[in-house]
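Structural features, examined
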Amino acid sequence: QVQLVESGGGLVQSGGSLRLSCAASGRIFSSYAMGWFRQAPGKERDFVAAISWSYGGTAYTDSVKGRFTISRDNAKNTVYLQMNSLKPEDTAVYYCASQPRGPRLGTTGNEYNYWGQGTQVTVSS
């Protein structure tokens with residue numbers, strides 16, 4: 001089992017920044033990569049970004065490229081999502097998730113097997 005706990009969400013004005021954290025515990029060695037997803041009200045859960053634990057390769061959805069940065073601290077078993085230039089359309093519940101197998105970084109929810117409880121991000125206009 002891998003346990004994931006997100007933090008760092010909140011309310012921010014358009015153009016502002018937030019940094020989300022995802023602390024992982026348990027069988028971390030069984031995790032190949034970590035991803036961030038988000039789900040807005042009435043919409044499906046969408047991929048945001050992913051990073052591998054080992055070589056640090058990253059992937060982003062087009063709408064956040066240049067604004068969001070995913071990173072990891074292997075010593076702390078923690079993954080971060082730095083979100084800059086936030087827009088109202090970024091408003092959603094953000095979830096982190098663990099991908100068990102590679103070699104490619106997963107961009108769909110069914111490639112991940114453990115999920116956190118989510119943290120709310122609200123961007124006001």
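Figured I'd write up the structure that's included with this text. (Residues numbered from 1 in each chain as written. Predicted model: local features only at pLDDT ≥ 70, side-chain atom pairs only at ≥ 80, totals over all residues. Heavy atoms only, no water.)

What follows covers the environment of Ser124. In this structure, Ser124 sits in strand 11 (residues 119-124). In the structure, Ser124 is positioned 35 residues away from Glu89 in sequence and 9.3 Å away in space, judged by C-alpha atoms. Excluding residues within four positions of it along the chain, Ser124 makes contact with Leu11, Val12, Gln13 and Ser14. (Helix = DSSP H or I, 4+ residues; strand = E, 2+ residues; numbered from the N terminus. Contact = heavy atoms within 4.5 Å.)

In this structure, Thr119 sits in strand 11. Here Gly9 takes part through its backbone nitrogen, which lies 3.2 Å from a polar atom of the side chain of Thr119. Discounting chain neighbours no more than four positions away, the residues touching Thr119 are Glu6, Ser7, Gly8, Gly9, Leu20, Ala92, Val93 and Tyr94. (Polar contact = N/O pair within 3.5 Å; in protein donor to acceptor, adjacent residues only side chain to side chain.)

On to the sheet that holds strand 7 (residues 68-73). Pairing within the open sheet is antiparallel, and its 4 strands lie in the order 1-3-8-7. Looking at strand neighbours, the two that pair on one side only are strand 1 (2-7) and strand 7, the edges of this open sheet. Averaged over all pairs of adjacent strands, the angle between their axes in this sheet comes to 15°, without regard to strand direction. Pairing geometry for strand 7 and strand 8 (residues 78-83), over 6 bridges, is antiparallel. Of the residues in strand 8, the one forming a bridge with Asp73 is Thr78. (Pairing = 2+ DSSP bridges. Axes fitted to C-alpha atoms, helices over the stretch in contact; angles between N-to-C directions.)

Once that is clear, we can look at the state of the cysteines. Applying the stated criterion across every chain, the model contains 1 disulfide. Bridging Cys22 to Cys96, the disulfide has an S-S length of 2.0 Å. The chirality of the disulfide connecting Cys22 with Cys96 is right-handed, given an S-S dihedral of about 60°. With Cys22 in strand 3 (residues 18-26) and Cys96 in strand 9 (residues 92-99), this residue pair connects regions lying 74 residues apart in the sequence. For Cys96, a relative accessible area of 1% gives the class buried. (Disulfide = S-S within 2.5 Å. Buried < 20%, exposed > 50% of the residue type's maximum accessible area, 1.4 Å probe, protein only.)

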